[in-house]
Amino acid sequence: MTATATDRLAQIVAQGVIDADLNVVVPSSADLFPYLPEYWREQINQTGFKGPGESSYPASAETSARPEAKPDGGPAGSSLALLQQQALDPWGTEIGILTCAYAVEAIHNPDAAVAMASAVNDWLIAEWLDKEPRLRASIVVPSQQPELAAREIDRVGGHPGFVQVYLPVRAEAPYGNRRYLPLLDAAVRNDLVVGIGFGGSPPNPPTPSGWPSYYMEEWAGMASIFQSQLMNLIFEGVFDRFPALRVTLIESGFTWLPSLLWRWNKEWKGLRPQTPWVRRLPSEYVHEHVRLTTQPWDAPPVEAQFLQIIDQLGSDELLLFSTDYPHWQYDTPEEALPPAGLPDALIAKIMRDNARTFYRL
Amino acid sequence: MATTLTREQTRTRVKPAVIDGDIHNDLPSPQALLPFLPAEWRDYHARFGTFGYSATAYPRINPNAARHDAWPPGGGNPGSSLTFMREQLLDAWNIEYGILNCLIGAGARRLDQSAAVAQAINEWQVATWLDPEPRLRASLVVPYEDGQLAAAEIDRAARDRRFVQVLLIARTAEPLGRRKYWPLYEAAVRNDLPIGIHFGGSGGFPFTGAGRPSYYIEDHAGMAQAFQSQVVSLVCEGVFEQFPTLKIVMIEGGFAWLPPLMWRLDAAYGRLRAETPHLKRLPSEYIREHFWITTQPMEEPTKPAQFHQLLDQLGMSDRLIFATDYPHWDFDAPDQAFPVRLDPDLERRIMADNAKGLYKF
Amino acid sequence: MPKHVVATVEEIPPGGRKVVEIAGRSIGVFNLGGDYFALRNRCPHQGGPLCLGKQSGFIHSPLPGEYEYSRQGEILKCPWHSWEFDIRTGQSWFDPARVRVRQYDVTVAPAQALLDREAPAPGLEPGPYVAETYPVTVEQQYIVIDLPG
């Protein structure tokens, strides 16, 4: 680490940072007991049901956990003290936005799904938001039951700590589908961002050609699912229906965005009569309604190409700085900074101002 | 020969020769295949046709996905008349060689029937297209959902060297790196044929990793995501370690999405390589060594100069092969398709030389 | 400004069209409810034969799922990539200010002007169909395109 790089980090941090993606993990279903009705506590105790099964983040995979991020006796992302020490304090983070990829969408029983989602949300309030004023959080919802998800959003959406509704990018149907209208309506009604994040456990496979063999495929391929979701949101017209809707893609990568927008713009010119509510270039909807967190960069090896990509985004408002803690995306904090070749004003927008404006922080 | 004379005249008069990497020939009617089918399949095929997967129905753009001006004046489907194909494509654009990718399905659920249909299509292609027209070459249609049967068809038909490629499809029943397809790759390598993966298909899953989309534009533009999944699978499964001389041509998937995918795969490999010890090199190295890409549908960046940036990021200018996709609606015209003026040497490589090197013309 | 006779009015009834070749240029002539329009038969996108495309209505939507259909047949779609052009203005749907197809003035001329070989109407030149080859009568009307030099 060079002195220059350290100085640059110190300068940027001194100007203030908003971290748009911090991940928390529910250590075990027992931790949710204080927030669960008695019936569901008994179900868990007597049936062996433990909530959602497989996680999109294998607990010990390198991508899931920085080596130093695992607390004693719990998974990475389950300790507020470590999050404060390792993510908030070193960055001087003013505000950090929590997401919890607790896969309630995998729970078939709709009442169990609601109970677990509500418990996680109350746990987020009690264990994180109430204890650390720098934190904001995302509401966990049973997205497979949009009406019930809307009810949960209305239940906790008024809490000032919640700034976002969390939806996993993998889904049984893409989120522009009309079945989700109640959910999106509730998000807009409660003035919340819809955050679409890595992973999810729907019944359908993560590729159009079925199930891959390796986690590396799932991890790398997740970008293409974000692409499908974004395309669907645009062409279903949700931004036409909800002009106030804001969507953040979390851990999506973003270097794929410019060239995908070229493709969608091109095809829309001929195919738009089939989605006539889409009256502007798809890229314009993205510029107005969508933001993306910075980790993982998925950056080209050459900085000049990275600068080209950021220029090709066509807007300086799209990127939101994130550490993606405790996921292991970079080794030194300097690597998580925007490239030095960018103008200072743009760096300030990425590090803080874009998130402040978009989330109204 | 009159045809040859016409070609010579055209060539000297106007346009440089072009090699077209993607032309679609079609049967004039389904019955036209019956004489080529083995007798034991004729009755069944005429009675039932082939079974695919769950129907996906929504308005598409045009019947047969064809250019509206590509219906032969004498009747029959677009791409079913050699005379009209000569007039509208081969002569009009001075096509030196054109590669036929026949999309009549060989992905049916009854695998033996798929094999019989594939063989019949290949014999029909020889009799109806390759024998009468020396400018045409063809891809071998194979029952790709059964690796052994596909290998047998490759071994049978590849003796005719006018078959220059084995044809697979972008949406399959399993990701293409999975081992059930390996006998097919082994046969392709044994017969010194590249594998072409073409736009389309269905393996029975929703067209996106986030479920079924609603509109044709999502199906069509979404093919970029299907291709990404296949690249990820082929790389991560170690297909190129197993078959070091295997060559893959991605046809009609676009190519601007490939650089960001290479960056993301390299990042994934950086963290997760313990999971895939069979990989010896960076994913991007496998990709740049083993993949070719056809240009259609041409990428149309927001600013034309970004096309040069794209080629630089791709770093595969010796692997791009021009294609028209005749007679389909998203046809690219050889003299109009590129959004920028290319360096003449680069243009010659993309328009002809890269294909000549790959297909050994 | 040379004028070219391209058809009789009967050849292009309302809803009909005819593609003609004038001075090396392919041009489509359309009849929309008795009004004639002529467009260059070349899409500004990739050079596709625009005037061989489908004619459709104008589709507008105030909200997802709602379709307002009007002006049946007045929108021309390129037979290749389906870019939409307003036959009345030559403007594309998606970028009317910058992406448009060349339009030509069309008039209907009386037969009398064409029948008089000694003194044709000023500037009137025979088009792909030489005027004299028409079975012309005094009642006949002809479609004439102004082609700027």
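What counts as what
- Residues numbered from 1 in each chain as written.
- Chains lettered and ligands numbered in written order.
- Predicted model: local features only at pLDDT ≥ 70, side-chain atom pairs only at ≥ 80, totals over all residues.
- Helix = DSSP H or I, 4+ residues; strand = E, 2+ residues; numbered from the N terminus.
- Rg over C-alpha atoms; globule rule 2.2 N^0.38 Å.
- Buried ≥ 20, exposed ≤ 12 C-beta atoms within 10 Å, placed from the backbone.
- Contact = placed C-beta atoms within 7 Å.
- Axes fitted to C-alpha atoms, helices over the stretch in contact; angles between N-to-C directions.
- Left-handed = near helix turned anticlockwise from the far one by under 90°.
- Nonpolar A, V, L, I, M, F, W, Y, C, P; charged D, E, K, R; others polar.
- Pairing = 2+ DSSP bridges.
- Arc of directions from axis to C-beta.
- Core = buried A, V, L, I, M, F, W, Y, C linked by C-beta atoms within 7 Å.
- Parallel < 35°, antiparallel > 145°, perpendicular 65-115°, else oblique.

Colleague: So, the overall build of chain A: which residues are in play, and what are the values?
Modeller: Helix and strand counts for chain A come out as 12 helices and 8 strands. The C-alpha radius of gyration of chain A comes to 20 Å, within 12% of the 21 Å expected for a compact globule of 361 residues. In terms of overall dimensions, chain A has C-alpha extents of about 60 × 55 × 40 Å along its principal axes. The 361 residues of chain A split such that 59% are buried. By sequence separation, contacts in chain A at least 24 residues apart represent 81% of the contacts at least 6 residues apart.

Colleague: Mind laying out the packing of helix H7 (residues 215-235) of chain A against helix H10 (residues 258-272) of chain B, listing which residues take part and the relevant values?
Modeller: Packing of H7(A) against H10(B) brings their axes to within 9 Å, and their N-to-C directions diverge by 145°. Two packed elements cross with a definite hand, and for H7(A) against H10(B) that hand is right-handed. Across the interface between the two elements, A:Tyr215, A:Met216, A:Trp219, A:Ala220 and A:Ala223 of H7(A) pack against B:Arg264, B:Leu265, B:Ala268, B:Tyr269 and B:Leu272 of H10(B). Split into classes, the residues belonging to the contact of H7(A) with H10(B) amount to 9 nonpolar, no polar and 1 charged.

Colleague: I'd like a description of the pairing of strand E10 (residues 141-146) of chain C, backed by residues and values.
Modeller: Residues and elements named next belong to chain C. Summarising the sheet, strand E1 (residues 3-8) and E10 pair through 5 bridges and their orientation is antiparallel. Residue pairing in the sheet places Lys-3 in a bridge with Asp-146 of E10. Bridge analysis of strand E8 (residues 103-110) against E10 gives 6 bridges, and the strand direction is antiparallel. Pairing of Thr-107 across the sheet is with Val-144, part of E10.

Colleague: Explain the sheet that holds strand E5 (residues 55-60) of chain C to me, and be specific about the residues and the numbers.
Modeller: Residues and elements named next belong to chain C. Here 3 strands make up an open sheet; going across it, the order is E5-E6-E7 and the pairing antiparallel. If you trace the sheet from one side to the other, it starts and ends with E5 and strand E7 (84-86), each paired once. Put simply, the sheet's adjacent strands are angled 60° from each other on average, direction ignored. With 3 bridges joining them, strand E6 (residues 68-77) and E7 adopt antiparallel strand pairing. Paired with Lys-77 across the bridge in E7 is Glu-84.

Colleague: Give a description of the interface of chain A and chain B that names residues and reports values.
Modeller: Listed by partner, the interface residues are 60 residues for chain A and 61 residues for chain B. Mapped onto the side of chain A that touches chain B, the elements with two or more residues apiece are H7, helix H9 (257-271) and helix H11 (303-312) of chain A. Examining the composition of the side of chain A that touches chain B, we find that 15 residues originate from one element, H7(A), more than from any other. Considering only residue class, the side of chain A that touches chain B consists of 29 nonpolar, 22 polar and 9 charged.

Colleague: Residues and numbers for the interface of chain B and chain C, please.
Modeller: Contacts between the two partners involve 11 residues from chain B, matched on the other side by 10 residues from chain C. A per-class count over the side of chain B that touches chain C returns 5 nonpolar, 2 polar and 4 charged.

Colleague: Just give me the short version of the sheet that holds strand E2 (residues 93-99) of chain A, but keep the residues and values in it.
Modeller: All names here are of chain A. Reading across from one edge, E1-E2-E3-E4-E5-E6-E7-E8 is the order of the 8 strands in this open sheet, with parallel pairing throughout. The open sheet is flanked by strand E1 (17-23) and strand E8 (319-320), the only strands paired with a single partner. Bridge count between E2 and strand E3 (residues 135-140): 3 bridges; the pairing is parallel. Across the sheet, the residue bridging to Gly-96 is Leu-135, located in E3.

Colleague: Describe unusual backbone geometry, naming the residues involved and giving the relevant values.
Modeller: Going from B:Gln296 to B:Pro297, the amide bond is cis rather than trans, its omega being 0°. Along the chain, B:Pro297 turns up in the loop between strand E7 (291-294) and helix H12 (306-314). Put simply, B:Tyr326 and B:Pro327 share a cis peptide bond, and its omega is 0°. Residue position: B:Pro327 is located in the loop between strand E8 (320-321) and helix H13 (344-359). Positive phi values are uncommon outside glycine, yet A:Asp324 reaches one of about 60°. At B:Asn94, a position not held by glycine, the phi torsion is positive, near 55°. Note that B:Asn94 resides in the loop between helix H3 (82-90) and strand E2 (95-100).

Colleague: Would you mind going over helix H10 (residues 282-289) of chain A in detail, with residue names and values included?
Modeller: All names here are of chain A. Restricting attention to buried positions, one finds in H10 the residues Pro-282, Ser-283, Tyr-285, Val-286 and His-289. The arc that holds every buried residue of H10, seen down its axis, measures 155°, which confines them to one face. Residues of H10 that are buried in the fold lie against H7, helix H8 (238-241), strand E6 (247-250), H9 and strand E7 (290-293).

Colleague: Explain the nonpolar core residue by residue, including any values.
Modeller: Membership of the largest hydrophobic core comes to 259 residues, with the highest contact counts inside it found for A:Cys100, A:Val120, B:Val142 and B:Ile154. Residue contributions to this core peak at 12 residues, all from H7(A).

Colleague: Outline helix H2 (residues 39-48) of chain B, supporting the account with residue identities and numerical values.
Modeller: Summarising burial for H2(B): 1 of the 10 residues are buried, a small minority. B:Gly49 occupies a position one or two residues after H2(B) and carries a positive phi of about 70°.

Colleague: Could you give an account of the packing of helix H5 (residues 147-157) of chain B against helix H6 (residues 182-190) of chain B, naming the residues involved and the relevant values?
Modeller: All names here are of chain B. H6 packs onto H5 with a crossing angle of 15° between their chain directions and a minimal axis gap of 7 Å. By the angle between their axes, H5 is roughly parallel relative to H6. Classified by chirality, the crossing of H6 by H5 is right-handed. Residues Gly-147, Gln-148, Ala-150, Ala-151, Ile-154 and Asp-155 of H5 form the contact with H6, whose own contacting residues are Trp-182, Pro-183, Leu-184, Glu-186, Ala-187 and Ala-188. Split into classes, the residues belonging to the contact of H5 with H6 amount to 8 nonpolar, 2 polar and 2 charged.

Colleague: How would you summarise the environment of B:Ala323 if you had to cite specific residues and measurements?
Modeller: Residues and elements named next belong to chain B. With respect to the element layout, Ala-323 can be found in the loop between E8 and H13. For Ala-323, a count of 29 C-beta atoms within 10 Å corresponds to the buried category. Sequence separation between Ala-323 and Asp-22 is 301 residues; the distance between their C-alpha atoms is 5.1 Å. Non-local contacts of Ala-323, meaning those with residues more than four positions away in its chain, are made with Asp-20, Gly-21, Asp-22, Ile-251, Thr-294, Thr-295, Gln-296 and Asp-332.

Colleague: Summarise the environment of B:His308; cite the residues concerned and give the values.
Modeller: Structurally, the position occupied by B:His308 is in helix H12. Spatially, the C-alpha atom of B:His308 lies 9.7 Å from that of B:Arg341, the residues being 33 residues apart in sequence.

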